[in-house]
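Secondary and tertiary structure notes
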Amino acid sequence: MLPDLYRVQRVRQETHDTFTLELEPMSGGQQVAAKGVSFAAGQFNMLYIFGVGEVPISISGNPTPRKVRVSPPRFVHTTRAVGTVTKAMGKLKRGDVLGVRGPFGSHWPMEEAVGKDIVMVAGGIGLAPLRPALYQFLSQRENYNRIILLYGTRSPADILYRRELEQWRARFDLEVQVTVDQAMGAWHGNVGVVTTLIPRVSFDPLRTIALICGPEIMMRFTILELQKRGVGKENIFISMERNMKCAIGFCGHCQFGPTFICKDGPVFRYDRIQEWFGKREI
Amino acid sequence: MQIIDRNSLDILFDTLKRRGFNLVGPTIRDGAIVYDRLTSTADLPIGWTDEQNGGTYRLKKRADVAVFGYTVGPHSWKKLLYPSVQRLWRAKRDGENFQFITEDEEVSKFAFIGVRSCELHAIAIQDKVFINGKYIDPVYKLRRENVFIVTVNCGKASGTCFCVSMNTGPRATFGFDLALTEILEDNHHRFTVEVGTERGAEILREVPHREADEEEKAKVEDIVAKTARQMGRTLDTTDIKDLLYRNYEHPRWDEVASRCLTCGNCTLVCPTCFCTTVEDVTDLTGEHAERWRKWDSCFTMDFSYIHGGSIRSSSKARYRQWMTHKLATWIDQFGTSGCVGCGRCITWCPVAIDITEEVRAIRGKE
Amino acid sequence: MTRKRKPKLAVWKFASCDGCQLSLLDCEDELLTVVDEVEIAYFLEASRAVVKGPYDLSLVEGSITTPLDVRRIQQVRQASKFLVTIGACATAGGIQALRNFKDINEFISVVYARPEYIETLDKSTPIANHVFVDFELRGCPINKRQLIEVISAFLQGRKPNTPAHSVCIECKLRGTVCVMVAHGTPCLGPITHTGCGAICPSYHRGCYGCFGPMETPNTASLSAWWSRLGAKEQDILRVFRGFNAYAEAFRKESEVHEK
Amino acid sequence: MKSRTIKVNYLARVEGEGALYVKIKNTTVVDVKLKIFEPPRFFEAFLRGRAFTEAPDITARICGICPIAYQMSAVHAMEDALDVVVDGQLRALRRLIYCGEWIESHSLHVYMLHAPDFLGYESAIHMARDYPEIVQRGLQLKKVGNEIVTHLGGREIHPINVRVGGFYKVPTKQELKPLAERLKWARNAAFETVRWTATLPFPEFEQDYEFVALQHPEEYPFNEGRLVSNKGLDIAVRDYDDYFVEEHVPHSNALHSVLKEQGSDNLTGRLYLVGPLARYNLNFHRLSPLAQDAARSAGLSPVCRNPFQSIIVRSVEILYACDEALRLIQEYEPPEKPAVEVQPRAATGYGCTEAPRGILYHRYRIDDDGTILDAKIVPPTSQNQKIIERDLYQFVSKNIELPKQKLTQQCEQTIRNYDPCISCATHFLKLNIEQE
Ligand SMILES: Cc1cc2nc3c(=O)[nH]c(=O)nc-3n(C[C@H](O)[C@H](O)[C@H](O)COP(=O)(O)OP(=O)(O)OC[C@H]3O[C@@H](n4cnc5c(N)ncnc54)[C@H](O)[C@@H]3O)c2cc1C
Ligand code: SF4
Ligand code: SF4
Ligand code: SF4
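Everything numeric in this text was worked out from a predicted model, so none of it was measured.

Quick notes on the rules
- Residues numbered from 1 in each chain as written.
- Chains lettered and ligands numbered in written order.
- Predicted model: local features only at pLDDT ≥ 70, side-chain atom pairs only at ≥ 80, totals over all residues.
- Heavy atoms only, no water.
- Contact = heavy atoms within 4.5 Å.
- Buried area = accessible area lost by both parts, 1.4 Å probe.
- Polar contact = N/O pair within 3.5 Å; in protein donor to acceptor, adjacent residues only side chain to side chain.
- Helix = DSSP H or I, 4+ residues; strand = E, 2+ residues; numbered from the N terminus.
- Nonpolar A, V, L, I, M, F, W, Y, C, P; charged D, E, K, R; others polar.
- Near = heavy atom within 4 Å.
- Salt bridge = Lys/Arg side-chain N within 4 Å of Asp/Glu carboxyl O.
- Buried < 20%, exposed > 50% of the residue type's maximum accessible area, 1.4 Å probe, protein only.
- Pairing = 2+ DSSP bridges.
- Axes fitted to C-alpha atoms, helices over the stretch in contact; angles between N-to-C directions.
- Parallel < 35°, antiparallel > 145°, perpendicular 65-115°, else oblique.
- Left-handed = near helix turned anticlockwise from the far one by under 90°.
- Domains from an automatic or database assignment.
- Phe/Tyr/Trp six-rings, centres within 6.5 Å; stacked < 30°, edge-to-face > 60°.
- Lys NZ or Arg CZ within 6 Å of the ring centre and 35° of its normal.

The partner chain D presents 71 residues to the 61 residues of chain C that form the contact. Summing both sides of the interface, chain C and chain D together bury roughly 5,700 Å²; the carbon and sulfur share of this comes to 62%. Taken together, the connections running from chain C to chain D amount to 29 residue pairs in polar contact (both at pLDDT 80 or more). For the side of chain C that touches chain D, the elements supplying multiple residues, two or more each, are helix H1 (19-25), helix H2 (31-37), strand S2 (39-42), helix H3 (67-78), helix H5 (104-111) and helix H9 (199-202) of chain C. Here the side of chain C that touches chain D gets five residues from one element, more than from any other, and that element is H5 of chain C. When its residues are assigned to classes, the side of chain C that touches chain D shows 35 nonpolar, 11 polar and 15 charged.

See the structure below:
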């Protein structure tokens with residue numbers, strides 16, 4: 001239950017309120033040495049800012065980095081500053097130390113997706129937990145059919161990972177569509193909620209795996225749209241969010257119906273939680 | 001099955017103490033029978049009993065000198081197995097860095113005296129939560145390993161007991177080192193003893209005892225059978241999980257919400273409820289930080305708070321979460337009901353909300 | 001993360017008994033550390049020295065009861081970066097808000113022989129009715145541990161650990177036996193904001209609500225139960241018309257029991 | 001014509017808000033006003049209609065500095081009305097909790113509010129830079145007082161355990177034990193406090209006062225006794241209203257209290273002084289031997305008329321309270337019941353106890369079911385207000401040649417001699433000095 005110590009190696013400001021931290025284990029972190037920095041796409045860490053508090057944040061880096069590209073390996077986290085802890089996190093600089101527990105939780109269905117079309121739908125900060133999956137899909141591109149990324153944000157200023165998005169967009173083996181709720185400035189792209197993109201892209205609904213991450217309401221409508229297109233519930237995966245204190249199933253805060261989001265999730269196959277997902281205040 | 005007489009109970013206590021156990025068990029404080037440190041059998045609630053019903057608990061004098069002539073009270077053993085408030089770690093700033101200060105915790109060995117069958121089940125359920133899963137809670141594990149359990153088969157049931165419905169009592173069948181049944185007869189106050197573990201047998205060897213005769217063995221059956229007939233409450237568990245899963249939108253939830261105070265008492269008295277929260281604190285200098293873990297309740301707004309608001313902001317949703325967890329989702333999570341039928345939540349709910357009644361209402365008007 | 005300059009602390013007083021600000025002086029073990037960490041820039045109860053604003057942290061005690069104070073609180077707000085109200089007077093109008101339910105002129109004539117010398121408003125109101133408040137600390141009086149927690153949290157830029165749930169939870173954490181269930185003593189604990197340490201029940205007394213309403217108080221249900229325990233309408237009215245009488249949940253419930 | 005005014009808009013290091021106004025024309029003081037502008041809070045008004053059992057909790061909120069005093073005067077007044085006597089160990093516990101309040105309140109005043117004046121500091125916090133051990137000692141002493149109150153009352157401010165008839169819960173002997181250990185330390189620290197305060201520089205300022213305090217045949221007064229003065233007053237508490245009268249002046253939100261000239265309804269009655277000085281002068285021989293010795297060895301005679309020396313007297317009282325608390329704890333046996341049964345009846349009750357700042361009088365009229373029909377509360381500060389103004393007048397007249405800043409500071413000190421509690425006075429204080 002004791003966090004390991006990590007040092008901030010790099011800080012990148014993504015948007016006015018969102019930033020990405022690259023964290024390296026501090027030498028001497030006993031547990032870290034044994035465990036190494038490895039994780040599966042979709043998992044999260046508990047990040048502790050000294051004297052402020054601890055919050056769950058998904059890992060947004062590459063789970064299968066090209067060999068020794070960065071050594072030692074790093075945890076990458078993209079966080080939106082919304083409250084006390086995340087705002088304090090936003091003030092960290094290179095060289096600062098923070099506590100890390102993890103990785104925890106379930107991961108995106110990388111195996112199930114093999115040989116299929118992949119539709120990834122992200123809303124806002126929801127792109128961060130999906131990015132590791134995308135990295136992995138792309139690094140084994142031959143294993144998958146079509147790969148589609150649909151991404152919606154509030155405004156053009158909120159778009160994360162701009163440079164990467166451009167690179168991805170330029171690829172022929174990946175379809176990227178970005179939309180904003182409200183266009184501002186010189187935005188020439190799509191306007192509207194992310195679900196409006198679904199009818200516009202082509203995939204084989206019967207052989208598709210969908211990965212969704214974003215606000216609950218956005219996920220609800222995305223599922224409806226995908227189902228309209230004929231994607232089966234068992235092929236839809238969503239990443240859930242609840243209050244978390246321990247991340248290992250003891251504190252009880254993250255219960256969602258019969259599940260604990262920390263250990264049974266955060267990634268769920270939709271049909272397994274469908275019964276609860278549609279209900280209010282679960 | 002063995003027999004010890006009333007005086008030998010003192011010898012049992014002394015033996016446990018000699019073996020380094022701190023005795024914890026029933027004693028009277030502030031108008032109730034609570035679990036606290038015991039120094040001798042004189043601390044036990046001799047000649048006292050309790051009367052319980054929804055929202056009420058009263059101590060009453062008994063006509064006899066029964067030692068265990070009461071049922072479960074406001075405390076449960078969880079307070080000893082994972083303390084209500086516990087520091088998890090300390091950290092100290094160290095220039096630009098900080099460091100965790102680890103300290104090995106010394107925990108005293110406890111002997112729990114007078115654990116009831118429903119409580120054994122509750123401990124078994126918490127074992128599932130804390131030590132039988134993928135992660136292990138070190139605080140619980142450390143304390144649990146050291147506990148010696150002296151069980152008592154219930155000689156009476158209270159107005160809020162329903163262990164029979166939950167299949168958790170009144171007779172203890174596992175999980176104890178020694179199990180006693182109190183036989184109160186004029187001039188002959190004695191206990192039958194069943195040995196549950198080798199450890200238990202070892203302790204019993206130091207206490208004067210004899211083999212129970214057939215009549216005495218039969219008495220045990222009579223006593224527990226009589227207790228079983230006295231259950232103050234019943235709960236029909238048929239198909240309970242699906243019943244509740246089917247009824248997330250039952251009007252009864254609104255009805256109970258109109259009475260529920262969202263005070264959280266039910267969760268805190270429940271011997272299986274395990275939820276906690278953490279508080280990250282610092283001192284004035286900002287040099288020292290600590291993390292504390294405290295019992296929490298799914299009835300608080302913070303419990304389900306995520307940025308923007310609480311998920312379960314209505315009391316309806318909070319009561320529903322609690323009851324559905326106890327009786328239904330728990331089964332999916334841990335393969336067992338989360339309720340052992342001890343009745344504490346009924347007695348200690350300040351406005352007498354009754355889990356058995358709520359189930360009945362939902363079943364009735366489905 | 002070293003702090004450049006000491007934050008300036010100011011302590012302000014409006015209509016009150018001084019008890020809440022005294023809580024700071026009652027932190028005998030921490031006071032000198034507090035002084036090391038913050039500059040006491042304005043705290044008349046403790047010091048003649050007055051340092052000009054703006055202040056980083058203002059603690060405001062007391063309720064607004066005079067036309068002058070209506071203006072003064074605006075000035076305090078303007079001079080304060082972070083304003084914390086302390087105590088039932090500042091967060092709910094205090095016991096003096098009992099006037100809000102009565103005719104003020106009648107009140108004045110009861111106490112003062114020469115009412116014409118008295119300048120006062122007809123209502124005693126909480127600070128938040130007049131200016132934006134960053135954080136409210138409850139209690140009549142506040143709990144000094146919580147005060148230190150709020151100051152520590154402010155210095156560290158974290159959220160203070162001051163939960164808003166019922167007193168009951170604190171009772172249970174302490175292992176206190178419920179006075180309502182075990183003794184039949186009417187208690188306001190189940191609808192009262194925690195923070196005091198659940199003192200009254202541990203002294204065999206029912207909570208009288210000095211920390212005001214908890215986050216989601218079901219006052220109607222508790223009142224109904226009090227009646228069953230034998231409390232008269234008068235008693236219920238009085239207990240809600242106490243030190244937090246003008247806190248909305250308590251005010252509304254008291255009106256139900258007013259004939 | 002040269003005129004000066006001395007104005008202090010917000011008096012510091014007093015409890016509550018007051019201001020000082022002094023007007024000097026040439027070399028004569030023409031006006032002195034101790035203004036209390038702390039807003040009125042109307043306690044007497046909203047006590048009407050409350051249950052008699054609520055008076056101790058409600059009146060405690062008049063003052064966060066001396067809630068015990070309010071609770072004690074309230075319970076005594078109610079018990080007087082209901083004809084109930086609370087004695088034995090319950091009475092002893094009341095005395096004990098009062099000791100706690102005296103220790104706490106006096107230590108606060110001696111170390112945090114008053115001493116900085118003598119040593120030329122803005123506050124005890126500033127003083128702590130040069131005298132860290134002394135300030136620490138004061139804080140720790142104060143803490144012991146608070147511990148007693150917390151132990152018996154549940155918390156230091158507005159304790160919850162005091163009720164009409166006794167307490168809600170009484171401590172076990174075992175529970176009081178740790179206090180005894182702390183008190184032994186405190187008693188020594190209090191002794192040091194007396195010695196230390198006696199070394200402070202005091203201006204020559206002997207005044208002729210009529211001291212008023214409680215007097216009890218056996219003990220230094222806390223809860224009970226007759227109201228006596230050094231000028232012949234000797235009455236039962238219930239006769240208070242026949243001898244004292246309160247008047248309302250335009251510059252203050254507090255009522256001023258005076259001793260009526262016997263046989264006249266003349267409101268310009270005799271000024272009198274309450275508080276530690278009065279208690280000490282009227283009850284010196286009732287102090288414990290240790291406290292008497294400490295006073296004598298500090299050079300304080302049994303009669304002290306210099307209000308600046310009230311700081312030594314307060315220290316002697318701290319010592320006495322520690323000594324007395326220890327005695328009470330040593331002799332403690334838990335009473336069988338935490339409170340005496342009380343039944344309401346229509347009656348009027350009177351209570352007067354010795355708050356740290358002096359006598360605090362309560363009077364209640366209640367009806368058959370215990371509802372309060374009428375309440376009167378006279379706190380020590382309103383009784384002292386006139387005498388403070390007189391002292392100021394005298395002090396300024398004597399020291400008129402002082403530079404304004406110095407004079408202002410000393411005027412403040414003169415006020416602080418009385419440890420005025422403004423919150424009390426307003427159930428209302430403001431300070432200005434004006435010189436023309
Ligand atoms: C599995 C998981 C993965 C997440 N991944 C990311 C991510 O990659 N990037 C990102 O920016 N955010 C992520 N979040 C959300 C992030 O945890 C919250 O934004 C954060 O907890 C807010 O804390 P705060 O102290 O800044 O906010 P405050 O509003 O001050 O929160 C106070 C407390 O409430 C709780 N809380 C508040 N909001 C949330 C929330 N949304 N989820 C859980 N607990 C909450 C926390 O316990 C927090 O300590 C994730 C959440 C979960 C559960
Ligand atoms: S839910 Fe109620 S009856 Fe069941 S175990 Fe918990 S407290 Fe006992
Ligand atoms: S069910 Fe009863 S004990 Fe539980 S939260 Fe509701 S009112 Fe409180
Ligand atoms: S229990 Fe209630 S009345 Fe008593 S101190 Fe706490 S909040 Fe105040």
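The environment of ligand 1 is formed by 23 residues, the closest being Pro56, Arg80, Thr86 and Glu241 of chain A together with His307 of chain B. Chain contributions to the surroundings of ligand 1 come from chains A, B and C. Within the contact set of ligand 1, an oxygen atom lies 3.2 Å away from a backbone nitrogen or oxygen of Gly83 of chain A. Taking His307 of chain B, its main chain carries an N or O atom lying 2.6 Å from a nitrogen atom of ligand 1. Within the residue set of the shell around ligand 1, elements represented by two or more residues are strand S4 (53-58), strand S5 (75-80) and helix H2 (84-90) of chain A together with strand S15 (305-306) of chain B. The biggest single contributor to the shell around ligand 1 is S4 of chain A, with four residues. Class assignment for the residues of the shell around ligand 1 results in 10 nonpolar, eight polar and five charged.

A word on the pattern of salt bridges. Per the counting criterion, the structure on display carries 105 salt bridges over all chains. Measuring nitrogen to oxygen at the nearest pair gives 3.1 Å for the salt bridge that ties Arg205 of chain B to Glu198 of chain B. There is no split in this pair, since Arg205 of chain B and Glu198 of chain B are both exposed. With its nearest N and O atoms 2.8 Å apart, the salt bridge here joins Arg416 of chain D to Asp117 of chain D. Of this pair, Arg416 of chain D sits in helix H13 (residues 404-416) while Asp117 of chain D is found in helix H4 (residues 88-119), placing the two residues 299 residues apart along the sequence. By relative accessible area, Asp117 of chain D is classed as buried at 4%. A cluster of three or more residues bridged by salt bridges with shared partners is formed by Arg91, Arg95, Glu219, Glu224, Glu324, Arg327 and Glu331 of chain D.

What follows deals with the pairing of strand S1 (residues 4-13) of chain A. Residues and elements named next belong to chain A. Relative to strand S6 (residues 97-104), S1 runs antiparallel, the two being bridged by four bridges. Within S6, the position partnered with Tyr6 by the bridge is Leu98. Sheet topology places S1 next to strand S2 (residues 18-25); seven bridges connect them, and they run antiparallel. Each bridged residue has a counterpart across the sheet, and for Arg7 the counterpart in S2 is Glu24. Hairpin connection from S1 to S2: four residues lie between these consecutive antiparallel strands.

Turning next to unusual backbone geometry. All names here are of chain C. The amide bond that connects Gly53 to the next residue, Pro54, takes the cis arrangement and shows omega of 0 degrees. Considering the arrangement of structural elements, one finds Pro54 in the loop between S2 and strand S3 (55-61). Notably, Asp18 is not glycine yet its phi reads approximately 80 degrees, a positive angle. Among the structural elements, Asp18 can be located in the loop between strand S1 (8-13) and H1.

Turning our eyes to something else, we now look at the packing of H4 of chain D against H13 of chain D. Residues and elements named next belong to chain D. At a minimum axis distance of 9 Å, the contact between H4 and H13 shows a crossing angle of 150 degrees. On the basis of the axis angle, H4 is roughly antiparallel to H13. With respect to the hand of their crossing, H4 and H13 are arranged in left-handed fashion. Contact with H4, carried on its side by His109, Leu113, His114, Asp117 and Phe118, involves Gln409, Gln413 and Arg416 of H13 and no other residues of that element.

To continue, consider the site of ligand 4. In the neighbourhood of ligand 4, the contacting residues comprise Thr192, Cys196, Cys200, Pro201, Cys207, Tyr208, Gly209, Cys210 and Phe211 of chain C together with Arg155 and Ile160 of chain D. One chain alone does not account for the residues near ligand 4; they come from chains C and D. Considered class by class, the residues forming the shell around ligand 4 number eight nonpolar, two polar and one charged.

What follows deals with the domain arrangement of chain B. Residues and elements named next belong to chain B. The assigned domain composition of chain B is domain 1 (2-229) and domain 2 (240-365). Using C-alpha coordinates to define each centre, domain 1 is positioned 25 Å away from domain 2. Counting residues at the interface gives 43 residues for domain 1 and 41 residues for domain 2. When domain 1 packs against domain 2, close to 3,500 Å² is buried across both sides, 61% of that on carbon and sulfur atoms. Per-residue buried area on domain 1 facing domain 2 is highest for Lys78, Ile125 and Phe162; these three make up 16% of the total on that side.

Here we come to the packing of aromatic side chains. Where two aromatic rings form a pair, the distance of their centres and the angle of their planes describe that pair. For the structure on display, the rule yields 56 aromatic pairs over all chains. With a centroid separation of 5.6 Å and 75 degrees between ring planes, the pair formed by Trp12 of chain C and Tyr55 of chain C is classed as edge-to-face. With Trp12 of chain C in strand S1 and Tyr55 of chain C in strand S3, this residue pair connects regions lying 43 residues apart in the sequence. Side by side, Trp12 of chain C and Tyr55 of chain C carry an identical accessibility label, which is buried. Aromatic rings pair up to connect Phe250 and Phe260 of chain A together with Tyr82, Phe130, Tyr140, Phe274, Trp295, Trp330 and Phe334 of chain B into one cluster. Between Arg229 of chain A and the ring centre of Phe203 of chain A, over which it is positioned, the NZ or CZ distance is 4.2 Å. One Lys or Arg, Arg163 of chain D, reaches over the ring of Tyr168 of chain D and ends 4.4 Å from the middle of that ring.

Residue and element names in this part refer to chain D. Reading across the sheet, the three strands line up as S6-S7-S8 and stay open at both edges, with antiparallel pairing between neighbours. In this open sheet, the two strands that pair with only one neighbour each are strand S6 (212-215) and strand S8 (234-235). Pairing analysis gives four bridges linking S6 to strand S7 (residues 226-229), with the strands arranged antiparallel. Bridged to Leu214 within S7 is Leu227.

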